[in-house]
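Chain by chain, the residues run as shown.
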Amino acid sequence: MNSLNTEKWNRILVRFLLAFSFWEAVSIPVRMLFFAKFYFDPTFKSMFVPITDVFWLGPVFSDLLFTLSFGFLYALMKESLPQGLVGGFLVGILVSIIGFVSPMLWTLSLTNFAPTQLVWVWVAYYSLFTVSTAAIYSVGWNSED
């Protein structure tokens, strides 16, 4: 395994900027689409705050941190992945299963901390985030350059 040289840092940072800017442009409409049903349901009203009261630095910083750390993870395991979008989708799906689906299955089987439907919508939202970020990191990253 090679160390992270200047060329790899440049690739990580360029793809980080692309993935982060793409997701920030898409995330607010996707959040509204996924969670609108729960926002207007009277039984879930106490779980959500109005959009005007959201301190937007928190979600943006969370997306920034996840996208950057996922870029480092992808750069370190790039040599052992299939090339192109196949590798990106494979990594995105596997990280989604390992990072979101399996912990939620385990947590929901032990506790009932949140409504099941809400948890699975949250898992689907972050799985979409992970797969799209992995696809952006995988496009055009040739190790021969």
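Residues numbered from 1 in each chain as written. Predicted model: local features only at pLDDT ≥ 70, side-chain atom pairs only at ≥ 80, totals over all residues. Heavy atoms only, no water.

As for helix H1 (residues 6-39)
Here comes step 1: Its 34 residues place the ends of H1 46 Å apart at the C-alpha level, agreeing with the 50 Å of an ideal helix rising 1.5 Å per residue.
Here comes step 2: If you look at H1, its biggest bend is around 40 degrees, right at serine 27, and the proline proline 29 turns up within four residues after that. (Helix = DSSP H or I, 4+ residues; strand = E, 2+ residues; numbered from the N terminus. Expected span 1.5 Å × (residues − 1). Bend = angle between axes of the 7 residues up to and from the residue.)

Quick look at the side chain of aspartate 63
Here comes step 1: Here aspartate 63 shows up in helix H2 (residues 57-77).
Here comes step 2: Not counting residues up to four positions away in its chain, the partners in contact with aspartate 63 are Phe20, Trp23, Glu24, Ser27, Arg31 and Phe129. (Contact = heavy atoms within 4.5 Å.)

Quick look at the pattern of salt bridges
Here comes step 1: This structure, assessed with the given rule, holds one salt bridge.
Here comes step 2: Between aspartate 63 and arginine 31 there is a salt bridge, and its shortest N-O distance comes to 3.3 Å. Highlighted residues: aspartate 63 in helix H2 and arginine 31 in helix H1, separated in sequence by 32 residues.
Here comes step 3: In this structure aspartate 63 comes out as buried when scored by relative accessible area, which is 1%.
Here comes step 4: For arginine 31, a relative accessible area of 17% corresponds to the buried category. (Salt bridge = Lys/Arg side-chain N within 4 Å of Asp/Glu carboxyl O. Buried < 20%, exposed > 50% of the residue type's maximum accessible area, 1.4 Å probe, protein only.)

With respect to the environment of phenylalanine 70
Here comes step 1: Tracing the chain through its elements places phenylalanine 70 in helix H2.
Here comes step 2: By relative accessible area, which is 2% here, phenylalanine 70 ends up buried.
Here comes step 3: For the pair phenylalanine 70 and threonine 130, spaced 60 residues apart in sequence, the C-alpha to C-alpha distance is 8.5 Å.

Some details on the UniProt feature "transmembrane region" (unreviewed entry) in the protein chain
Here comes step 1: UniProt marks residues 12-34, 54-77, 84-106 and 118-139 with the feature "transmembrane region" (unreviewed entry), using the numbering shown here.
Here comes step 2: When the span residues 12-34 is considered, its composition is 100% helix and 0% strand, and the gap between its end C-alpha atoms is 29 Å.
Here comes step 3: Helix makes up 88% of residues 54-77 and strand 0%. Its end C-alpha atoms lie 36 Å apart. (UniProt positions renumbered as here; feature names shortened; annotations may be inferred.)

Focus on the packing of aromatic side chains
Here comes step 1: One pass over the structure, following the stated rule, counts 16 aromatic pairs.
Here comes step 2: Note on phenylalanine 16 and phenylalanine 20: the rings are 5.8 Å apart at their centroids and 15 degrees apart in plane angle, and the pair reads as stacked. Here phenylalanine 16 pairs with phenylalanine 20, and both are found in helix H1, just four residues apart, close to one helical turn. Accessibility classification places phenylalanine 16 together with phenylalanine 20 in one group, the buried group. (Phe/Tyr/Trp six-rings, centres within 6.5 Å; stacked < 30°, edge-to-face > 60°.)

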